[in-house]
Amino acid sequence: MSAFDLDIIFVNYNSTDDLIACLRSLAENPCRARLRIFVQDNASKDAPRRIAEAFPAVELQINKKNIGLGGAINQAVRRGDAPFIAMINPDSVIDGRCLDNCLQWLRDNPQAGAVGPKILNLDGTVQGSARAFPTALTGLFGRSSLLSRLFPNNRFTARNVLTQGCEFCQPTAVDWVSLAAIVARRQAFEEAGMMDEDFFLFWEDADLCKRLWASGWKVYYYPHDSIVHKVGGSRKSRNIASLWNFHKSSYIFYRKHSNGVGAIAAPFVISLLGIRFASLCMLHFIRLPFAGRSALRR
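Right, let's walk through the structure included here. (Residues numbered from 1 in each chain as written. Predicted model: local features only at pLDDT ≥ 70, side-chain atom pairs only at ≥ 80, totals over all residues. Heavy atoms only, no water.)

The next thing to look at is the packing of helix α9 (residues 204–214) against helix α10 (residues 240–257). Packing of α9 against α10 brings their axes to within 10 Å, and their N-to-C directions diverge by 20 degrees. Of the possible angle classes, the one that applies to α9 and α10 is roughly parallel. Helix-helix and strand crossings are classified by hand; for α9 and α10 the assignment is right-handed. Along the contact surface, α9 presents A206, D207, K210 and R211, while α10 presents F253, K256 and H257. Looking at side-chain class alone, the contact of α9 with α10 contains two nonpolar, one polar and four charged residues. (Axes fitted to C-alpha atoms, helices over the stretch in contact; angles between N-to-C directions. Helix = DSSP H or I, 4+ residues; strand = E, 2+ residues; numbered from the N terminus. Parallel < 35°, antiparallel > 145°, perpendicular 65-115°, else oblique. Left-handed = near helix turned anticlockwise from the far one by under 90°. Contact = heavy atoms within 4.5 Å. Nonpolar A, V, L, I, M, F, W, Y, C, P; charged D, E, K, R; others polar.)

Laid out in structure tokens, this is it:
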């Protein structure tokens, strides 16, 4: 039996300043739960050893190369043994009470494999962190798509982004929640097969939650508590590498979960993703505003 209640996992890639600020926010608003903090660094070039210097209790491991988000999470999960795991983006502001309450909610609801708290932008607006599994229309009406930005109140986007409406005043079962902040039951995480390391970046959270549901566990959105995800309010431009990884992972998710029809429709899907990628690259180069990296996470 573990001496800890919760393993908190951060994957760092050139976000050391943000992660130090995040850990400071947690130190100022600590959890009641007995916890260990693991930082898996993916070969950052911004002096990640500063993390251990500032927080000696943090268990920092630095990879020789960037192995992707899912691979780094799996590394950290294997290092711990607590019955619950929290996976949080390094560019966040955390109140330990949020983690305590999510942890207690999982204990009180044994059918739940994972729960995602409300995620806020810096300006206090709600990020679309609870989602429906993607369909053929998600590429056109996802949260970061051009059509969703031009017509934000359209019904197709509303069906995809679920964090609106009075039905989300209480914890609610949803298809999937963002990996920006997830608290999971270790048993459920392991039964689902942990993170699929074929996803280098993006869509690994939707894939994990789909496998949790397939393994008999439920996924919930928990709106009673929140964390702040800084990038959601930064309105930074997307870089081309991130756009590429996003669309590559979209195709991996499609092929993995589309059953037998996947191979038949693959050329059509590749064409649509190619058009979407090219259009977003064009918008990037003419410097049109975007909703930030968190929006890129779906």
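Moving on from the model shown.
With that settled, the discussion passes to the nonpolar core. One finds I73, M87, F189, W203 and L212 to be the most contacted residues of the largest nonpolar core, which totals 36 residues. With five residues, helix α3 (residues 69–79) is the largest single contributor of residues to this core. The residues contacting M87, other than those within four sequence positions of it, are I9, I73, L179, A180, A181, I182, A184 and F189. L26, C102, V115 and V183 belong to the second largest nonpolar core, which has 34 residues in total. (Core = buried A, V, L, I, M, F, W, Y, C linked by side-chain atoms within 4.5 Å. Buried < 20%, exposed > 50% of the residue type's maximum accessible area, 1.4 Å probe, protein only.)

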